[in-house]
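As a plain string of letters, each chain reads:
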Amino acid sequence: MKKFLAAALLAGAGLALAATGASAQATLAQVKQRGILNCGSNTGLAGFGVPDAQGNWTGLDVDYCRAVAAAIFNDANKVKFIPLSAKDRFTALQSGEVDLLVRNSTWTMTRDASLGIVFTGVNYYDGQGFMVRKKLGVNSALQLNGASVCTQQGTTTELNLADYFRANNMKYEVVAFASADETVKAYDAGRCDAFTTDQSGLYAERLKLTAPDDHIVLPEVISKEPLGPSVRNNDPQWFALVKWVGFAMLNAEELGVTKGNVDQQVKSENPEIKRLLGTEGKFGEQIGLTTDWAVRIVKLVGNYGESFEKNVGAGSLLKIARGQNALWTKGGLQYAPPVR
């Protein structure tokens, strides 16, 4: 009798695990049934994720979400952007409020190992820096001993700030706020000597200041901030899909496949292009998509380089150099595995 009960309990546990596994891998099916992708976004960061007065979203992170929608629906506009604060972003992903989080979030060990989420890659290599008023006469972060520094609560930025001042034997006063908007407004109002966040964010937030030209970004980069999309860690198919959307955009740039020439490139005899664009093999089917999944991405959104230049690069107000976000073939860190 005991053996029978034990066997029954084990069988029940196995069925429960199977059911959990089945439900966990339903993200793509849920998104298709809903007819729209729920994407966690920034509350408003120029160049990365920001809505205009009509509610139209633009930015590098926004383009990633649109690329996922393009791959699934052949429609880059089938995205609902849900603005999330730094404090709430991971909870919203964990709870299922969003299918995907693309919101200038740093990939760290703790986040990867203990939050029930997984990062799919790096869509922007960044590092933390400082901004100060020119009239302060400071040209290095090492001159900030005794300074008051504005930062946002609940971010790696706050932790890196403490590490940097401790490592350099300097004193500082932290002035922390719950949201990025509050932090910028406090700095602009003179409530602190310096403002710290990722360097990309500094260039973006400087545009919001009363007199942007009165402020400079100091040269020091004090941390590694690999920013990337994240998903829940219980759905391997969804993880692979979101990951390969980013890889497709990088491979397209490396192979010279652009928004403007993708229709012609479909006829290419280059085997790498044929595999990427689905005229050879059935690679899209491996991640639950159609064979022309990458064509949809490039045609409706563009390759990684096109998205970068338009949103944060030379064609944008931020005018950030590609730097370490250049392709590996051009001295940068951006590198994608091959489609084969």
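Refer to the structure above for everything that follows.
Below you will find a few notes about this structure. None of the values given here were measured: they were computed from a predicted structure.

## Observations concerning the side chain of Gln 334
1) Next: With respect to the helices and strands, Gln 334 occurs in the segment after helix 13 (304-311).
2) Next: The exposure class assigned to Gln 334 is buried, which follows from its relative accessible area of 2%.
3) Next: A distance of 3.4 Å separates the side chain of Gln 334 from the backbone oxygen of Val 122, its partner in a polar contact.

## Side note on the packing of aromatic side chains
1) Next: As enumerated under the stated definition, the model contains 12 aromatic pairs in all.
2) Next: With a centroid separation of 5.9 Å and 80 degrees between ring planes, the pair formed by Tyr 164 and Phe 165 is classed as edge-to-face.
3) Next: For Tyr 164, a relative accessible area of 12% corresponds to the buried category.
4) Next: When the ring centre of Tyr 187 is taken as origin, the NZ or CZ atom of Arg 133, which lies over that ring, is 4.4 Å away.
5) Next: In this structure, Arg 322 is placed above the aromatic ring of Phe 308, and the distance from its NZ or CZ to the ring centre is 5.1 Å.

## Quick word on the pattern of salt bridges
Where charged atoms of side chains with opposite charge meet at close range, the side chains can pair.
1) Next: Under the counting rule described, the total for this entry stands at 10 salt bridges.
2) Next: For Lys 208, the salt bridge identified is with Glu 205, shortest N-O distance 3.0 Å.
3) Next: Residue classification places Lys 208 among the partly exposed residues on the basis of a relative accessible area of 39%.
4) Next: Measuring nitrogen to oxygen at the nearest pair gives 3.5 Å for the salt bridge that ties Arg 296 to Asp 292.
5) Next: With relative accessibility at 14%, the residue Arg 296 sits in the buried group.
6) Next: In this structure Asp 292 comes out as partly exposed when scored by relative accessible area, which is 29%.

## Considerations on the sheet that holds strand 8 (residues 128-133)
1) Next: One open sheet accounts for five strands, arranged 10-9-11-8-12; its pairing is mixed. With partners counted over all chains shown, the strands left at the sheet margins are strand 10 (172-177) and strand 12 (215-217), one partner each. Adjacent strand axes in the sheet meet at a mean angle of 30 degrees, parallel and antiparallel pairs treated alike.
2) Next: Note: strand 8 against strand 11 (residues 194-198), five bridges, orientation antiparallel. Looking across to strand 11, one finds that Gln 128 is bridged to Asp 198.
3) Next: Sitting on the sheet, helix 6 (residues 156-167) is in contact with strand 8, strand 9 (147-152), strand 10 and strand 11, with an inclination near 80 degrees to strand 8.

Analysis parameters
- Residue indices follow the written sequence of each chain, beginning from 1 at its first position.
- Reporting of local features is limited, given that this is a predicted model, to residues whose pLDDT is at least 70; pairs of side-chain atoms are given and counted only at 80 or more, and all residues count toward the totals for whole chains, interfaces and linings.
- As a rule here, side-chain values cover all heavy atoms of the structure and leave hydrogens and water aside.
- Secondary structure elements are taken from DSSP: a helix is a run of H or I of four residues or more, a strand is a run of E of two residues or more, and numbering for both begins at the N terminus.
- For every residue, the accessible area (1.4 Å probe, protein chains only) is compared with the maximum for its type, and the residue is labelled buried under 20%, exposed over 50%, or partly exposed between those bounds.
- N or O atoms closer than or at 3.5 Å make up a polar contact, with two conditions inside protein: a donor-capable atom paired with an acceptor-capable one, and, for residues adjacent in sequence, both atoms drawn from side chains.
- Pairing of aromatic rings covers Phe, Tyr and Trp, the last counted by its six-membered ring, and requires centre-to-centre distances within 6.5 Å; plane angles under 30 degrees mean stacked, over 60 mean edge-to-face, and any other angle means tilted.
- For a ring to carry a charge above it, either NZ of a lysine or CZ of an arginine must fall within 6 Å of the ring centroid while also lying within 35 degrees of the normal to the ring plane.
- Salt-bridge detection follows one rule: a side-chain nitrogen of Lys or Arg within 4 Å of a carboxyl oxygen of Asp or Glu.
- In this scheme, strands are said to pair when DSSP sees at least two bridges between them.
- Between the N-to-C directions of two axes lies an angle of 0 to 180 degrees, each axis being a line fitted to C-alpha atoms and, for a helix, fitted only over the stretch in contact.
- Any two residues having at least one pair of non-hydrogen atoms within 4.5 Å are treated as being in contact.

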